[in-house]
Amino acid sequence: MPCSPGMRRCRLSCQHRQMVQDYRLARHAAELARETATGGYAAEVADYGPIVTFKAWLQQLAAPSEAA
C-alpha cells in the first residue's frame with residue numbers, strides 16, 4: 001500500500017516515512033555544520049558548497065559500499 005500524499009496517514013513504522021525523517025536529520029546536521037564553519041557570512045556560505053539534496057542522499061543509499 002503506497003503512502004498517502006504528504007505522509008499524513010502513514011504508520012510510524014512506515015519505511016518511507018523513516019527514510020524521509022532520516023534525510024531531514026542528515027540535512028539539518030549538514031546545515032548546522034555549514035553554519036558553524038561559515039559563521040553565517042554570505043560570502044563564506046556561497047563558497048562552502050552544496051548541501052545534500054534528497055535525490056543525492058537517495059543515490060548515496062543505493063550506491064554499493066566501497067568500504068570493503
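The structure contained in this document is the topic of the report that follows. It should be emphasised that the depicted structure is a prediction, and the values quoted were computed from it without experimental measurement.

Where helix α1 (residues 15-38) contacts helix α3 (residues 54-62), the two axes come as close as 11 Å, and the packing angle between them is 110°. Taken together, α1 and α3 sit at an angle that is classed as roughly perpendicular. Seen along the crossing, α1 lies across α3 with a hand that is right-handed. Contacts from M19, V20, D22, Y23 and A26 in α1 reach F54, W57, L58 and L61 in α3. In the contact of α1 with α3, the residues fall into eight nonpolar, no polar and one charged.

Conventions adopted
- Residues numbered from 1 in each chain as written.
- Predicted model: local features only at pLDDT ≥ 70, side-chain atom pairs only at ≥ 80, totals over all residues.
- Heavy atoms only, no water.
- Axes fitted to C-alpha atoms, helices over the stretch in contact; angles between N-to-C directions.
- Helix = DSSP H or I, 4+ residues; strand = E, 2+ residues; numbered from the N terminus.
- Parallel < 35°, antiparallel > 145°, perpendicular 65-115°, else oblique.
- Left-handed = near helix turned anticlockwise from the far one by under 90°.
- Contact = heavy atoms within 4.5 Å.
- Nonpolar A, V, L, I, M, F, W, Y, C, P; charged D, E, K, R; others polar.

Remember that the coordinates give geometry; whether it matters functionally is a separate question.
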